[in-house]
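Descriptive structure summary
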Amino acid sequence: MAVKISKIEYYLPKKILSNNDLENEFPGLNINKIEEKVGIKERHIVKEDETALDLALIVGKKILENYDKDKIDFLLFCTQSPEYYLPSGACILQDRLGLNKNMGAFDYNLGCSGFVYGLALAKSLIISKIASHILLITSDTISAYINYKDKSNRATFGDAAAATIIEQSEEEQIGEFVLGTDGSGYKNLIVPNGGLRNRYNPNAKEIDEGSGSIRTDNDLYMNGPEIFNFTIKAVPKLVSKTLEKNNISLEEIDYIIFHQANKYINEYLRKKIGIPKEKYYLNLLNTGNTVSATIPIAIKDVLDNKLIKKGDKILLVGFGVGYSWGGTIITI
Amino acid sequence: MEKMNIKDFINELKDALEIEDEDQKITLETNLKDLEEYDSLSVLSIIAMIDKNFGKQIPSSDFAKVTTVNSLKDLIGKKHFE
């Protein structure tokens, strides 16, 4: 039994937060530096009443437009911006997308590694004959967790949803996986309050993060330097292990897509690993870091722009919140 | 890994901070936090510079204590310098 990705779509919310908008809110902000070093000019963000499930529904309808939706027999929904504590957003999506009731559906909570994990789950469900056609939706609205006074995170993150269909294939088009976890870093990228350990606190006090960014414990916290330390250590090893497990060299890989964290980090990783520029995806100019959606957005982007062709081998690498990381190689 | 001399270290640091003005003097006594160029992104640049030249990652909690160039040098470790 072999598997392939047969379709990818993505959706960006309509509202745009540009660097100029940020400059108006934060006078003195160096927007040239944000564009050049962070590599972001604008991000799409949800309106107040728009959720990750709403985005998932839009992108789900889009991908099923010209597809026999009765074939879908499993739905995987990756989000860290859930509609409710319970039930699973995947159950609600089954109904709203008009999908078959004879199918499995569940949510899983991962961020920047979520797409690679979704492919691993989908592949194993198909190989074990539990399912044959899987709809994987990765959708996040991290902007909803960011304090409006948190300049750095507002400049970095954007919202997006992506949908991918994985199904049986004659030849194997999804390779071997390398997955990793190190929960000792969980506090470095976290929304501390709002779960059951620390309830949402309406009186949470403001914390000055320096560089003019303010947040509370109800909001997203990211220790940027520590996350960068983690990626420096984890990603080069992940790349070499993924190549090794798939019995292939970096030279034989046609294109490389990393999770798009920010331009500076991704460019440093490229140089450190020794990846030629022309084979490396680096584009978050109009989206920002969209967490679990960056990799499928990139795949669709390079397919649409004909940067990759049928038969090409693409290395996919996700890493981030958790810490959690994963790599695989797909054949187009 | 080879030991680095202080002049090269300061030049690497100026590159990381994107200080293009050749005349701007950076010494071991310069307090990084007083520099106009020092922001959250320059911290990433300095982390990258240390990883590239010394193969080391500095924990962010130690990084927060850095004041002068000399304190950064001590954090990297005296054995890495001439």
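Residues numbered from 1 in each chain as written. Chains lettered and ligands numbered in written order. Predicted model: local features only at pLDDT ≥ 70, side-chain atom pairs only at ≥ 80, totals over all residues.

**Concerning the overall build of chain B**
To keep things clear, this is the line we draw: Think of it this way: any DSSP run of H or I at least four residues long counts as a helix, any run of E at least two long counts as a strand, and we number them from the N terminus. Note that the radius of gyration is over C-alpha atoms, with the globule rule given as 2.2 Å times the number of residues to the power 0.38. Remark: C-beta atoms are placed from the backbone, and a residue is labelled buried if 20 or more other C-beta atoms sit within 10 Å of its own, exposed if 12 or fewer do, or partly exposed between those counts.
Counting its regular elements, chain B contains four helices and zero strands. The order of helices and strands in chain B, counted from the N terminus, is α-α-α-α. A globule of 82 residues ought to have a C-alpha radius of gyration of about 12 Å, and chain B, at 12 Å, matches this closely. In chain B, buried positions account for 21% of the 82 residues.

**Considering the domain arrangement of chain A**
Frequently, the measure chosen for interface size is the accessible area removed from exposure when the parts meet. All names here are of chain A. Just so we agree on the cut-off: All the domain ranges listed were derived from an automatic or database domain assignment. Here, residues touch in the contact sense if the C-beta positions derived from the backbone fall within 7 Å of one another. Three classes are used: nonpolar for Ala, Val, Leu, Ile, Met, Phe, Trp, Tyr, Cys and Pro, charged for Asp, Glu, Lys and Arg, and polar for all others, with Gly counted as polar.
Structurally, chain A comprises domain 1 (2-169) and domain 2 (178-331). Every contact between the two is made by 44 residues of domain 1 and, on the other side, 43 residues of domain 2. For the side of domain 1 that touches domain 2, the element with the highest residue contribution is helix α5 (residues 114-127), accounting for six residues. Classifying every residue of the side of domain 1 that touches domain 2 gives 22 nonpolar, 13 polar and nine charged.

**Considering the pairing of strand β15 (residues 324-331) of chain A**
Residue and element names in this part refer to chain A. Under the convention used in this document: A pair of strands is labelled paired if DSSP reports no fewer than 2 bridges between them.
Extensive coverage of β15 is indicated by the burial of seven of its eight residues. Sheet topology places strand β14 (residues 313-320) next to β15; eight bridges connect them, and they run antiparallel. Looking across to β15, one finds that F319 is bridged to W325. Between β14 and β15, which pair antiparallel in sequence order, lie three residues; one of them, G322, sits at a positive phi of approximately 145°.

**Details of the interface of chain B and chain A**
Across the boundary between the two partners, chain B contributes eleven residues, which contact 15 residues of chain A. Elements with a contribution of two residues or more to the side of chain B that touches chain A: α2 (40-54) and α3 (60-63) of chain B. Of all the elements, α2(B) adds the most residues to the side of chain B that touches chain A, at seven residues.

**Focus: helix α4 (residues 89-96) of chain A**
All names here are of chain A. What counts is decided by this rule: Working note: the arc is built from the helix axis to C-beta atom directions.
When we look at burial in α4, the residues that qualify are G89, A90, L93 and Q94. Buried residues along α4 cover an arc of 145° about the axis, so they all sit on one side. Lining the buried residues of α4 we find α3 (52-64), β4 (74-78), β5 (104-108) and β6 (133-140). G98 occupies a position one or two residues after α4 and carries a positive phi of about 65°.

**Some words on the packing of helix α1 (residues 6-16) of chain B against α2(B)**
Residue and element names in this part refer to chain B. What counts is decided by this rule: Axis angles are defined between N-to-C directions and span 0 to 180 degrees, where every axis is a line fitted to C-alpha atoms and, for a helix, only to the segment in contact. Here the angle decides the label: under 35 degrees means roughly parallel, over 145 means roughly antiparallel, 65 to 115 means roughly perpendicular, and every other value means oblique. By convention the crossing between two helices is left-handed if the near helix lies anticlockwise of the far one by an angle smaller than a right angle, and right-handed if it lies clockwise.
With their axes 9 Å apart at the nearest point, α1 and α2 run at an angle of 140° to one another. The orientation of α1 relative to α2 falls into the category oblique. Once α1 is placed against α2, the crossing between them reads as right-handed. Taking contact as the criterion, the partners of E12, L13 and A16 in α1 are, on α2, S42, S45, I46, M49 and N53. For the contact of α1 with α2, a count of residues per class yields four nonpolar, three polar and one charged.

**Comments concerning the confidence of the model for chain B**
One rule of thumb: low pLDDT means the predicted coordinates there are not for detailed reading. All names here are of chain B. For clarity, the threshold we go by: What pLDDT conveys is the predictor's confidence in a given residue, as a value from 0 to 100.
Of the residues in chain B, 99% have a pLDDT of 70 or more, and the chain-wide mean is 88. Of all the helices and strands in chain B, α3 carries the lowest mean pLDDT, 87, while helix α4 (residues 69-76) carries the highest, 92. Our summary of model confidence lists the complex with pTM equal to 0.95 and ipTM equal to 0.90.

**A few points about the packing of helix α7 (residues 224-245) of chain A against helix α8 (residues 263-273) of chain A**
All names here are of chain A. In the contact formed by α7 and α8, the axes pass within 10 Å of each other and the chain directions differ by 45°. The pairing of α7 with α8 is recorded here as oblique in orientation. For the pair α7 and α8, the crossing hand works out as right-handed. Of the residues in α8, those in contact with F228, T231, V235, P236 and V239 of α7 are I265, L269, K272 and I273.

**Describing the pairing of strand β13 (residues 255-258) of chain A**
All names here are of chain A. Judged by which residues are buried, β13 turns out to be covered on both faces: Y255 and I257 on one side and I256 and F258 on the other are all buried. Where β13 lies against β14, four bridges are found, and the strand directions are parallel. Bridge pairing in β14 places F258 opposite V317.

**Some details on the sheet that holds β15(A)**
Two pairing modes exist for strands in a sheet, parallel and antiparallel, and in both the strands are linked by backbone hydrogen bonds. All names here are of chain A. Taking strand neighbours across the sheet as the criterion, the four strands line up as β8-β15-β14-β13 in an open arrangement whose pairing is mixed. Every interior strand has two partners, whereas the edge strands, β8 (178-181) and β13, have only one. The average angle at which neighbouring strand axes cross in this sheet is 15°, direction not considered. Of the strands in this sheet, β8, β14 and β15 touch α7, which is tilted by about 150° from β14. Lying on the sheet, helix α9 (residues 294-304) is in contact with β13 and β14; it crosses β13 at an angle near 150°.

**Side note on the sheet that holds β6(A)**
Residue and element names in this part refer to chain A. Spatial ordering of the open sheet is given by β1-β7-β6-β4-β5, a layout of five strands whose pairing is mixed. Edge positions in the sheet fall to β1 (2-11) and β5, since each of these pairs with one other strand and no more. Put simply, the sheet's adjacent strands are angled 15° from each other on average, direction ignored. Looking at chain direction, β4 and β6 are connected through five bridges and run parallel. Considered in β6, the bridge of C78 is made with T138.

**Observations concerning the nonpolar core**
Residues and elements named next belong to chain A. Spelled out, the test is: Nonpolar core, as used here: buried Ala, Val, Leu, Ile, Met, Phe, Trp, Tyr and Cys residues forming one set through C-beta atoms within 7 Å.
By size, the foremost hydrophobic cluster in this structure holds 103 residues, and its most contacted members are A56, V59, L75, I134, A161 and I257. Of the residues that make up this core, three or more belong to each of domain 1 (2-169) and domain 2 (178-331). Apart from the residues within four sequence positions on either side, I257 is in contact with Y281, I295, A298, I299, I314 and L316.

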